[in-house]
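Residue-level listing of the chains:
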Amino acid sequence: MKDNGFVKVLLIVGLVFLVLGGTIFTVAMFANKWDFTVLSSHVQEKQVVEITNEDEIATIEKIDLKLSTADVKYLYHDENKIIIEGYKLCSRKGELFEEVSTKIENGTLSIRLDRKKVSWFQIGAFGENQIIIKMPKDMKVELSVELSTGDVFIGESNKSYVFSNINITTSTGDVSLVGDINCQTANIKNSTGDTYINGKLTVNNFTRNADTGDFIVNAKINADKITVSNTTGEVICNAYITANLIDVETSTGDITLKLLGSKSDYSYTYDISTGDSNISAFISGAKQIKVIASTGDANIYFER
């Protein structure tokens, strides 16, 4: 009985502290208008880096961006300079821990988030993890992006962008080609994340590899070769595509291809373990369609 009484006292004391703590938290947050940023030990401050030397800009043939956690946007603008809009991470006391750094060497503009000081204790860092690259309009470069966590957006809707090559690798995050893009090669690798083609894509060789994630085509693709490989994920064409060789392979996921031209322009072969194809294999035109699926259906449609 004495033990039960002691337990009751502990429960009452614990409840009192719980109510007291909740009251203090509520009063403090109300006083700060429920602004949860006050709970963070660090803050993000906007940082803008400008490259204005025209001779220096003229040497740049490649943009190389490597980040751990951030969204990336690549845009054109009407100014004759390169602008990188990012952020720096500071403590509440103003100590600098991370900031965007750039370096131009051998024709490559490298963009990194450099750690200036190790933070042994950190509670949150409210702000928008985003890097925006603004390039002079129609400037042609090779674009290389590597992200651990974050989404990539290339271009703006109904605006044209030109690249020599595009190489994008993400561990966790989506990739969206938003603008109308013209390039030699485009290679996209997602560990976990979807890839969207939302602007017209004109490319010699397009490759997309993913462990988990869908490949969704919402705008026309005109290519010489299209190669898509998904471990788990669907291939969905909501717009028509065309290429001399279309090679699609999935372990788990349905495949829907909408192809420019008539059926007689193409030849179609498939190997499906568990699933069906809406049309049989056939040999007709020079353009080749190859589909391999372990589990999933393949649906092929032609423009006419």
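Residues numbered from 1 in each chain as written. Predicted model: local features only at pLDDT ≥ 70, side-chain atom pairs only at ≥ 80, totals over all residues. Heavy atoms only, no water.

**Q** Tell me about the overall build of the protein chain, and name the residues and values.
**A** Looking only at helices and strands, the protein chain features two helices and 24 strands. Put simply, the protein chain has 304 residues, and 41% of those count as buried. Here the contacts in the protein chain between residues at least 6 apart in sequence split such that 43% fall between residues at least 24 apart. About 16000 Å² of surface is accessible on the protein chain, with carbon and sulfur atoms providing 50% of the total. (Helix = DSSP H or I, 4+ residues; strand = E, 2+ residues; numbered from the N terminus. Buried < 20%, exposed > 50% of the residue type's maximum accessible area, 1.4 Å probe, protein only. Contact = heavy atoms within 4.5 Å. Areas by Shrake-Rupley, 256 points an atom, 1.4 Å probe, with all protein chains shown as cover.)

**Q** Mind laying out the pattern of salt bridges, listing which residues take part and the relevant values?
**A** This model, assessed by the stated rule, comprises eight salt bridges. Note that Lys 103 and Glu 105 form a salt bridge whose closest N and O atoms lie 3.7 Å from each other. For Glu 105, a relative accessible area of 45% puts it in the partly exposed group. Connected through shared salt-bridge partners, Glu 50, Glu 79 and Lys 81 make up one network. (Salt bridge = Lys/Arg side-chain N within 4 Å of Asp/Glu carboxyl O.)

**Q** Explain empty space enclosed by the protein residue by residue, including any values.
**A** Applying the stated criterion across every chain, the model contains one cavity of 30 Å³ or more. Computed from the structure, the largest cavity encloses a volume of approximately 30 Å³. Lining the largest cavity, in full, are Phe 215, Ile 226, Val 228, Val 235, Cys 237, Ile 241, Ile 246, Val 248 and Leu 257. For the lining of the largest cavity, the secondary structure elements donating two or more residues are strand S17 (221–232), strand S18 (235–237) and strand S20 (245–252). (1 Å grid on protein atoms, 1.4 Å probe; cavity = no way out; pocket = protein on both sides within 12 Å on 5 of 7 lines; lining within 4 Å. Points joined across faces, edges and corners; volume = space filled by probe spheres on them.)

**Q** Break down the environment of Lys 46 for me, with residues and values.
**A** For Lys 46, the location among the structural elements is in strand S1 (residues 42–51). Considering only alpha carbons, one finds Lys 46 and Gln 130, 84 residues apart in sequence, at a separation of 9.7 Å. Lys 46 has contacts with Glu 85, Gly 86 and Tyr 87, leaving out every residue within four places of it along the chain.

**Q** Break down the packing of aromatic side chains for me, citing the residues and quoting the values.
**A** Using the criterion set out here, one finds eight aromatic pairs in the structure. With a centroid separation of 5.6 Å and 45° between ring planes, the pair formed by Tyr 266 and Phe 302 is classed as tilted. Taken together, the residues span a long stretch of sequence, with Tyr 266 in strand S22 (residues 266–274) and Phe 302 in strand S24 (residues 298–302) at a distance of 36 residues. Ring pairing ties together the aromatic residues Tyr 266, Tyr 268, Tyr 270, Phe 282 and Phe 302, which thus form one cluster. Lying over the aromatic face of Phe 153, Lys 73 brings its terminal NZ or CZ to 5.9 Å of the ring centre. In this structure, Lys 263 is placed above the aromatic ring of Phe 282, and the distance from its NZ or CZ to the ring centre is 4.9 Å. (Phe/Tyr/Trp six-rings, centres within 6.5 Å; stacked < 30°, edge-to-face > 60°. Lys NZ or Arg CZ within 6 Å of the ring centre and 35° of its normal.)

**Q** Describe the environment of Thr 172, with residues and values.
**A** Relative to the helices and strands, Thr 172 is located in strand S11 (residues 160–172). For the pair Thr 172 and Gly 193, spaced 21 residues apart in sequence, the C-alpha to C-alpha distance is 5.8 Å. Thr 172 has contacts with Ser 148, Thr 149, Gly 150 and Thr 192, leaving out every residue within four places of it along the chain.

**Q** Please set out the nonpolar core residue by residue, giving values where relevant.
**A** Among the nonpolar cores identified, the biggest contains 69 residues, and Ile 63, Tyr 74, Phe 163 and Leu 257 are the most heavily contacted of them. Those residues within four positions of Ile 63 in sequence are excluded, and the remaining contacts are Tyr 74, Leu 109, Ile 111, Ile 133, Met 135, Val 141, Glu 142, Leu 143 and Ser 144. (Core = buried A, V, L, I, M, F, W, Y, C linked by side-chain atoms within 4.5 Å.)

**Q** How would you explain the pairing of strand S9 (residues 141–149) if you had to name every residue and give the values?
**A** As paired elements, strand S2 (residues 62–69) and S9 share seven bridges and run parallel to each other. Each residue of the ladder has a partner; that of Ile 63, found in S9, is Leu 143. Bridge count between S9 and S11: seven bridges; the pairing is parallel. In the strand pairing of S11, Val 141 is matched with Phe 163. (Pairing = 2+ DSSP bridges.)

**Q** Let's hear about the pairing of S11: which residues, and what values?
**A** As judged from the 10 bridges shared by S11 and strand S13 (residues 180–192), these two strands associate in the parallel manner. Along S13, the bridge assignment pairs Thr 169 with Lys 189.

**Q** Could you give an account of the side chain of Ser 277, with specific residues and numbers?
**A** Mapped onto the elements of the fold, Ser 277 is located in the loop between S22 and strand S23 (287–295). Of note is the side chain of Ser 277, whose polar atom sits 2.9 Å from the side chain of Tyr 268. At 3.5 Å, the side chain of Ser 277 forms a polar contact with the backbone oxygen of Ala 298. (Polar contact = N/O pair within 3.5 Å; in protein donor to acceptor, adjacent residues only side chain to side chain.)

Fair warning: the whole summary comes from geometry, so function is off the table for now.
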